[in-house]
Amino acid sequence: MEVSQVTNVMEFEAIAKKKLPKMIYDYFASGAEDEWTLKENRSAFSRILFRPRILIDVSNIDISTTILGFNVSMPIMIAPTGMLKGAHPEGEFAVARAASSASTIMTLSSLGNSSIEEVASTGPGLRFFQLYVYKDRNMVIKLVKRAEKAGYKAIALTVDTPWLGRREADIKNRFNMPPNLTFKNFEGMDIGKFDKTINADSGLAKYYAGFADRSLSWKDIAWLKTITHLPILVKGVITAEDAKIAVQTGAAGIIVSNHGARQLDYVPATIMVLEEVVQAVQGKIPVFLDGGVRRGTDVFKALALGAAGIFVGRPIIWSLAADGEAGVRKALQMLREEFEITMALTGCRSLKEITRKHIAAPWDRAQITPRL
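Rules behind the numbers
Residues numbered from 1 in each chain as written. Predicted model: local features only at pLDDT ≥ 70, side-chain atom pairs only at ≥ 80, totals over all residues. Heavy atoms only, no water. Helix = DSSP H or I, 4+ residues; strand = E, 2+ residues; numbered from the N terminus. Rg over C-alpha atoms; globule rule 2.2 N^0.38 Å. Buried < 20%, exposed > 50% of the residue type's maximum accessible area, 1.4 Å probe, protein only. Contact = heavy atoms within 4.5 Å. Lys, Arg positive; Asp, Glu negative; His and termini not counted. Charge placed at Lys NZ, Arg CZ, Asp CG, Glu CD. Polar contact = N/O pair within 3.5 Å; in protein donor to acceptor, adjacent residues only side chain to side chain. UniProt positions renumbered as here; feature names shortened; annotations may be inferred. Phe/Tyr/Trp six-rings, centres within 6.5 Å; stacked < 30°, edge-to-face > 60°. Salt bridge = Lys/Arg side-chain N within 4 Å of Asp/Glu carboxyl O. 1 Å grid on protein atoms, 1.4 Å probe; cavity = no way out; pocket = protein on both sides within 12 Å on 5 of 7 lines; lining within 4 Å. Points joined across faces, edges and corners; volume = space filled by probe spheres on them. Nonpolar A, V, L, I, M, F, W, Y, C, P; charged D, E, K, R; others polar.

1. Points about the overall build of the chain
Part 1 of the reasoning: Helix and strand counts for the chain stand at 14 helices and twelve strands.
Part 2 of the reasoning: Relative to the 2.2 N^0.38 estimate, which gives 21 Å for 372 residues, the radius of gyration of the chain is 20 Å and therefore close to what a compact globule would have.
Part 3 of the reasoning: Principal-axis analysis of the C-alpha atoms places the extent of the chain at approximately 65 × 50 × 45 Å.
Part 4 of the reasoning: Across the 372 residues of the chain, 56% fall into the buried class.
Part 5 of the reasoning: The long-range share in the chain, meaning contacts at least 24 apart out of those at least 6 apart in sequence, stands at 72%.
Part 6 of the reasoning: If the 47 positive side-chain charges of the chain are averaged to one point and the 39 negative ones to another, these points end up 2 Å apart.

Here it is as structure tokens:
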């Protein structure tokens with residue numbers, strides 16, 4: 001298939017798979033262990049059905065919104081994904097430009113192949129910075145201050161990776177960083193080098209274990225708040241219990257995420273736990289979702305369950321690999337158009353008109369199944 005024939009974001013993957021070395025494709029595509037959650041992240045959406053309203057004037061559809069007070073064209077944003085130059089030479093630059101042209105938010109991974117400053121230099125745009133907390137807290141402070149200075153608008157703190165998940169594809173491939181790439185944000189910092197001579201298991205897993213802080217706890221969010229004025233989104237919450245603690249510790253928002261099913265296998269799909277988290281925060285902070293979003297219909301379902309917006313990861317990687325910046329632009333535009341059509345066909349003219357009554361979820365079955 002040619003890029004010109006692509007009609008939905010899922011079709012970029014086959015093109016990307018042909019273009020990318022097996023080790024790189026597997027790194028992006030794979031999940032943890034049995035990959036049950038990887039499949040479930042996607043399939044769970046198919047179990048949520050629509051309850052559309054008809055005979056509503058849908059001549060004008062407005063999908064614009066605000067995220068943490070910033071205006072965006074749509075509630076579809078770009079999740080942090082590491083090593084994007086492994087997908088395409090333009091990597092993070094292409095994604096940043098595509099996000100800016102679509103008037104939406106890009107989240108830069110701290111494990112990117114382009115630095116905080118380099119991505120900021122691509123031009124204007126709303127950007128968040130994804131952060132891991134490292135053993136060396138001075139390094140954390142430096143990264144956060146660099147993000148502030150470069151104009152990033154929020155910190156997305158990843159909290160589900162005290163240990164790296166067991167990704168068997170990477171182990172089989174003895175995954176290591178391609179020799180022409182580096183983690184640019186850490187140049188000149190002493191966090192240990194990515195050992196390209198490792199000859200067993202996953203080089204990334206060994207590298208990550210060398211600098212990640214396995215003692216990370218809730219008190220560190222309070223500490224992070226003392227070193228930055230930027231709002232902190234806690235990324236990796238999937239239970240009501242943790243959602244309530246996130247509110248108490250002063251998080252500005254929550255990203256319901258299972259790390260693209262790359263950490264703990266057999267956790268639920270994010271769409272299945274979204275409503276639990278939304279109900280737990282009681283409207284005090286916004287809740288976002290990532291994981292498995294491939295259609296505009298998925299975006300609508302997430303918003304109907306209470307999400308303020310969604311983040312997409314792999315569709316951005318595959319579209320980038322397939323056609324660089326133009327591919328990412330096309331992916332975002334297709335998701336936008338699908339979402340607009342879904343809005344119109346459910347009878348919603350703006351995001352505030354999307355309600356829980358527009359969908360039927362599996363846990364609603366007792367109420368909606370007709371009696372025989």
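2. Describing the environment of Asp265
Part 1 of the reasoning: For Asp265, the location among the structural elements is in the loop between strand S9 (253–256) and helix H11 (270–281).
Part 2 of the reasoning: By relative accessible area, Asp265 is classed as buried at 7%.
Part 3 of the reasoning: Measuring from C-alpha to C-alpha, the distance between Asp265 and Val119 comes to 32 Å, with 146 residues separating the pair along the chain.
Part 4 of the reasoning: Looking at Asp265, its side chain comes within polar contact range of the main-chain nitrogen of Glu35, at 3.0 Å.

3. Overview of the side chain of Asn258
Part 1 of the reasoning: For Asn258, the location among the structural elements is in the loop between S9 and H11.
Part 2 of the reasoning: The exposure class assigned to Asn258 is buried, which follows from its relative accessible area of 4%.
Part 3 of the reasoning: The residues contacting Asn258, other than those within four sequence positions of it, are Thr37, Asn41, Asp160, Gln263, Val267, Pro268, Ala269, Thr270 and Asp290.

4. What to know about the UniProt feature "active site" (unreviewed entry) in the chain
Part 1 of the reasoning: Taking the numbering used here, the UniProt-annotated feature "active site" (unreviewed entry) corresponds to His259.
Part 2 of the reasoning: His259 gets classed as buried once you look at its relative accessible area, which sits at 13%.

5. Structural notes on the packing of aromatic side chains
Part 1 of the reasoning: In this structure the tally under the stated criterion is nine aromatic pairs.
Part 2 of the reasoning: An angle of 10° between the planes, with centres 4.6 Å apart, marks the rings of Tyr27 and Phe175 as stacked. Note that Tyr27 is positioned in helix H2 (residues 22–29) and Phe175 in the loop between helix H7 (168–173) and helix H8 (203–211), a separation of 148 residues in sequence.
Part 3 of the reasoning: With relative accessibility at 9%, the residue Tyr27 sits in the buried group.
Part 4 of the reasoning: Residue classification places Phe175 among the buried positions, given a relative accessible area of 1%.
Part 5 of the reasoning: Pairing Phe50 with Phe300 gives two aromatic rings, centres 5.5 Å apart and planes at 80°, and the pair type is edge-to-face. A residue pair is termed long-range when its members are at least 10 positions apart, and Phe50 in strand S1 (residues 49–50) and Phe300 in helix H12 (residues 296–304) qualify at 250 residues.
Part 6 of the reasoning: The exposure class assigned to Phe50 is partly exposed, which follows from its relative accessible area of 30%.

6. Description of the pattern of salt bridges
Part 1 of the reasoning: Taken as a whole and judged by the stated rule, the model has 19 salt bridges.
Part 2 of the reasoning: In this structure, the salt-bridge partner of Glu168 is Arg166, at a minimum N-O distance of 3.9 Å.
Part 3 of the reasoning: A salt bridge links Glu338 to Arg295, with the shortest nitrogen-to-oxygen separation between them at 2.9 Å. On the criterion of sequence distance, the pair formed by Glu338 in helix H13 (residues 314–346) and Arg295 in the loop between strand S10 (287–290) and H12 is long-range, its members being 43 residues apart.
Part 4 of the reasoning: The network of salt bridges with shared partners includes Glu90, Arg97, Glu325 and Arg329.

7. Things to note about empty space enclosed by the protein
Rolled over the atoms, a probe with the dimensions of a water molecule shows which regions are left empty.
Part 1 of the reasoning: All told, the structure shown has three cavities of 30 Å³ or more when counted by the stated rule.
Part 2 of the reasoning: What lines the largest cavity is a set of 32 residues, and nearest its centre among them are Pro80, Thr81, Gly82, His259 and Arg262.
Part 3 of the reasoning: Elements represented by at least two residues in the lining of the largest cavity include exactly H2, H8, strand S11 (309–312) and H13.
Part 4 of the reasoning: Tallied by class, residues from the lining of the largest cavity come to 16 nonpolar, ten polar and six charged.
Part 5 of the reasoning: Estimates place the volume of the second largest cavity at around 60 Å³.
Part 6 of the reasoning: Looking at the second largest cavity, the residues that line it are Tyr132, Val133, Thr158, Val159, Asp160, Thr161, Pro162, Tyr208, Ala212, Asp213 and Leu216.

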